[in-house]
Amino acid sequence: DVVNEMIANAPGSDNPSPAPGDLRDTPWLRALGPGYVELALRTARQLDRTLRLTINDYGVEADTPWAAEKRARLLRLVRALLDRGAPLDAIGLQAHLQMREPFRPEPFIAFLRELRSLGLSVSLTELDVREPDLLAPGIAERDAQMAAYLEQVVRAAIEGGVRTVITWGLTDRDSWLVSMPAVARPDGAATRGHPYDAELRPKPFRDALLRAFG
């Protein structure tokens, strides 16, 4: 992961960027200008020619206007990098999924196939799921709804050419969705966004992954 979270969030998203342009306002952008992504990739290639150089970002999976805009911004950056001959091998999509956002396979699959057509591999790199603000009545129903949402995303990813899926942790016990106040549930309910629960028991989340892989 050579450069992480470099694309500016579009208006309407959770954390829209105040800066103009496709790149997020970061110390790297302010210090080095918009060519910093290419500089980082070229430097990484010079230091180790065996690496699969990847840029990694989030917020591109949902069927929302802001996710569509972020997909377009990422594609513009990728095409510009490749046009200039920058060494880029892969794209990482974090896939911190949010169930309150609608998902439709077709635009996501088209986006993935566009990246693949540019000669890049694509991975899901930080997969987990945040539940909606209003919880279903019971654990079983919550888990079933989450598994159904997750499975359609992962099936679409595989259909689009993804061959590597990495979860952002394995168990609800150690989840950032619990430890970080910015993403924890405001009602204090325990999150269930990982393949195993807090007691390390497999959940429908794990079974949904197995079905999608199968």
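The shown structure was predicted, so the numbers you read here are calculated from the model rather than taken from an experiment.

Q: Teacher, can you tell me more about the pairing of strand β6 (residues 164-167) here?
A: Side chains on a regular strand alternate between the two faces of the sheet. By the bridge criterion, three bridges tie strand β5 (residues 121-130) to β6 in an arrangement that is parallel. Residue Leu124 lies in a different strand from β6, and its bridge partner there is Val165. Since β5 and β6 lie parallel, the crossover through helix α5 (residues 139-160) that links them has a hand, and here it is right-handed.

Q: Is there a simple way to think about the pattern of salt bridges in this case?
A: Any two side chains of opposite charge can pair, given that their charged atoms come close. Following the criterion strictly, the structure yields 22 salt bridges and no others. For Arg76, the salt bridge is made with Glu69, and the minimal N-O distance between the two is 3.4 Å. Arg155 serves as the salt-bridge partner of Glu151, at 2.9 Å between the closest nitrogen and oxygen. Of the two residues, Glu151 and Arg155 both sit in helix α5, four residues apart, roughly one turn of that helix. Owing to a relative accessible area of 13%, Glu151 belongs among the buried residues under this scheme. One salt-bridge network, held together by shared partners, links Asp22, Glu69, Arg73 and Arg76.

Q: Can you walk me through the side chain of Arg142 in this structure?
A: One can find Arg142 in helix α5. When sequence neighbours within four positions are dropped, the list of residues in contact with Arg142 reads Glu131, Leu135, Ala136, Ala190 and Arg192.

Q: Any chance you could explain helix α4 (residues 105-117) here in plain terms?
A: Residues separated by three or four positions in an α-helix point in the same direction, a consequence of the helix having 3.6 residues per turn. The end-to-end C-alpha distance of α4, which contains 13 residues, comes to 18 Å, matching closely the 18 Å that a straight helix rising 1.5 Å per residue would cover. Looking only at α4, the buried set comprises Phe108, Ile109, Phe111, Leu112 and Leu115. Take α4 and look down its axis: the buried residues cluster within an arc of 160°, on one side only. Just past α4, the residue Gly119 takes up positive phi, approximately 85°.

Q: Please explain the environment of Gln46 as it appears in this structure.
A: Within the fold, Gln46 resides in helix α2 (residues 36-47). Given the relative accessible area of 61%, Gln46 is considered exposed. Between the C-alpha atom of Gln46 and that of Pro87, which follows or precedes it by 41 residues, the distance is 9.8 Å.

Q: Looking at this structure, how should I read helix α7 (residues 204-213)?
A: Among all positions in α7, only Phe205, Ala208, Leu209 and Ala212 are buried. Seen from one end, α7 has its buried residues packed into an arc of 100°, which puts them on one side. Tucked into the core, α7 has its buried residues touching β5, α5 and β6.

Q: Explain the environment of Ala8 to me, please; I cannot follow it from the model alone.
A: Of note, Ala8 is situated in the loop between β1 (3-4) and α1 (27-32). A residue is classified by how much of its surface remains accessible, and Ala8, at 0% relative accessible area, is buried. Apart from the residues lying within four places of it in its own chain, the contact partners of Ala8 are Ser17, Gly21, Asp22, Leu23, Arg24, Lys70 and Arg73.

Q: Is there a simple way to explain the pairing of β5 in this structure?
A: Most of β5 sits inside the fold, with nine of its 10 residues counted as buried. Where strand β3 (residues 90-93) and β5 come together, four bridges link them in parallel fashion. Pairing of Gly92 across the sheet is with Ser123, part of β5. Direction of pairing for strand β4 (residues 96-98) relative to β5: parallel, over a ladder of three bridges. What sits directly across from His96, in β5, is Asp128.

Criteria and thresholds
- Numbers given for residues are sequential positions, taken from 1 along each chain in its written order.
- Only residues with pLDDT of at least 70 get local features here, since the model is predicted, and only at 80 or more are side-chain atom pairs given and counted; chain-wide, interface and lining totals rely on the full set of residues.
- The basis for the side-chain values is all heavy atoms of the structure; hydrogens and waters are excluded.
- If DSSP finds at least two bridges between two strands, the strands pair.
- Strands here mean DSSP runs of E at least two residues long; helices mean DSSP runs of H or I at least four residues long; both are numbered from the N terminus.
- Crossovers are described as right-handed under a simple rule: with the strands pointing away from the observer, the path leading from the first strand over the helix to the second runs clockwise.
- Here a salt bridge means any side-chain nitrogen of Lys or Arg lying within 4 Å of a carboxyl oxygen belonging to Asp or Glu.
- Each residue's exposure class comes from its accessible area (1.4 Å probe, protein chains only) as a fraction of the maximum for that residue type: buried when under 20%, exposed when over 50%, partly exposed otherwise.
- Any two residues having at least one pair of non-hydrogen atoms within 4.5 Å are treated as being in contact.
- Take the residue count of a helix, subtract one, and multiply by 1.5 Å to get its expected span.
- The directions considered for the arc are those from the helix axis to the C-beta atoms.

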